[in-house]
Amino acid sequence: TPLPFPENAFYLVVSTNLVCLSSDWVRCVAFKPNNANIVVSGSDDKTIIVWDITSGSCLSTLNVGGSVSSIDFAPCGNKLAAAFNIYDGVLEGAKEGGVKIFSNQGSAGFVCQSTLRGENAISSLAFSPDGQLIATGEGNPHDPRQAGAVSIYCASTGQLKRALNVDAGAGGVRSVSFSPSGDMV
């Protein structure tokens with residue numbers, strides 16, 4: 001018996017609820033830390049969708065401007081960061097990457113606070129435990145000419161604090177995470 005929903009869509013199953021996240025490739029999801037009923041999904045359709053999983057309804061759609069590769073909430077839940085990549089027609093080769101930082105403006109929802117542009121593809125990002133910093137993992141796994149890098153940005157201003165080139169071979173940095181104390185990446 002065929003399923004009662006589109007075959008080429010991506011779904012999130014929560015308890016007994018089924019929420020259709022996108023008809024395009026969903027690359028990442030994150031739960032809001034201070035409200036487990038809110039989840040965001042990032043996909044290749046260049047959007048982040050904010051969902052209420054109790055009702056299955058879309059609360060808002062945020063345009064990112066590139067294929068979303070990673071999303072993370074600040075621990076307080078009031079900021080959301082999204083790593084994105086812009087492709088030149090060949091999915092294996094991102095020509096540039098970036099990060100958009102959204103802040104929650106109450107009834108207006110999440111509003112873009114700043115956009116950071118990079119020369120390399122960005123595959124991962126993470127907020128520090130205090131929500132003050134954002135780390136990114138960079139480098140294109142399909143382009144050995146792009147060295148791997150880890151960059152640290154101020155979450156409120158978007159200012160680059162530190163960048164470290166990493167000899168990750170032909171693969172870049174695929175994942176970043178802060179230690180619980182926030183003093184190591």
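Quick caveat: nothing in here was measured; it's all calculated off a predicted structure.

1. A short note on the sheet that holds strand β14 (residues 160-166)
The four strands lie next to each other as β11-β12-β13-β14, forming an open sheet whose pairing is antiparallel. Unpaired on one side and paired on the other, β11 (122-127) and β14 mark the two borders of the sheet. Adjacent strand axes in the sheet meet at a mean angle of 15 degrees, parallel and antiparallel pairs treated alike.

2. Comments concerning the sheet that holds strand β6 (residues 57-63)
Spatially, four strands are ordered β3-β4-β5-β6 in an open sheet, and the strand pairing comes out antiparallel. With partners counted over all chains shown, the strands left at the sheet margins are β3 (26-32) and β6, one partner each. Averaged over all pairs of adjacent strands, the angle between strand axes in this sheet comes to 20 degrees, irrespective of strand direction. As defined by bridge partners, strand β4 (residues 35-43) adjoins strand β5 (residues 47-52) across five bridges and the pair is classed as antiparallel. The partner of Ile38 across the bridge, within β5, is Asp52.

3. Things to note about the packing of aromatic side chains
This model, assessed by the stated rule, comprises one aromatic pair. Relative to Phe110, the ring of Phe73 lies with its centre 6.0 Å away and its plane at 55 degrees, an arrangement referred to as tilted. Here Phe73, found in strand β7 (residues 67-73), pairs with Phe110, found in strand β10 (residues 110-118); they are 37 residues apart in sequence, far enough to count as distant. An identical accessibility class is assigned to Phe73 and Phe110; each is buried.

4. Describing the pattern of salt bridges
Applying the stated criterion to the full structure yields one salt bridge. For Asp44, the salt bridge identified is with Arg27, shortest N-O distance 2.8 Å. Pair noted here: Asp44 is in the loop between β4 and β5 and Arg27 is in strand β3, with a separation of 17 residues, a long-range link. Overall, the relative accessible area of 43% leaves Arg27 in the partly exposed class.

5. Some thoughts on the side chain of Ser124
Checked against the element boundaries, Ser124 lands in strand β11. By relative accessible area, which is 7% here, Ser124 ends up buried. At a separation of 3.1 Å, a polar atom in the side chain of Ser124 contacts the main-chain amide nitrogen of Val176. Non-local contacts of Ser124, meaning those with residues more than four positions away in its chain, are made with Ser70, Ala135, Thr136, Gly137, Arg174, Ser175 and Val176.

6. Considering the nonpolar core
Within the largest apolar cluster, 17 residues are counted, with the highest numbers of intra-cluster contacts made by Val40, Ile48, Leu62, Val68, Ile71, Leu80 and Phe110. For this core, the secondary-structure elements that each account for two or more residues are β3, β4, β5, β7 and β8 (79-87). Ranked by residue count, the leading element in this core is β8, at four residues. Ignoring any residue separated from it by four or fewer positions in sequence, one finds Val40 in contact with Cys28, Val29, Ala30, Ile48, Ile49, Val50, Ile71, Phe73 and Leu80. By size, the runner-up hydrophobic cluster in this structure holds twelve residues, among which are Leu116, Phe127, Ile134 and Tyr153.

So, how was this worked out
- Residues numbered from 1 in each chain as written.
- Predicted model: local features only at pLDDT ≥ 70, side-chain atom pairs only at ≥ 80, totals over all residues.
- Heavy atoms only, no water.
- Pairing = 2+ DSSP bridges.
- Helix = DSSP H or I, 4+ residues; strand = E, 2+ residues; numbered from the N terminus.
- Axes fitted to C-alpha atoms, helices over the stretch in contact; angles between N-to-C directions.
- Phe/Tyr/Trp six-rings, centres within 6.5 Å; stacked < 30°, edge-to-face > 60°.
- Buried < 20%, exposed > 50% of the residue type's maximum accessible area, 1.4 Å probe, protein only.
- Salt bridge = Lys/Arg side-chain N within 4 Å of Asp/Glu carboxyl O.
- Polar contact = N/O pair within 3.5 Å; in protein donor to acceptor, adjacent residues only side chain to side chain.
- Contact = heavy atoms within 4.5 Å.
- Core = buried A, V, L, I, M, F, W, Y, C linked by side-chain atoms within 4.5 Å.

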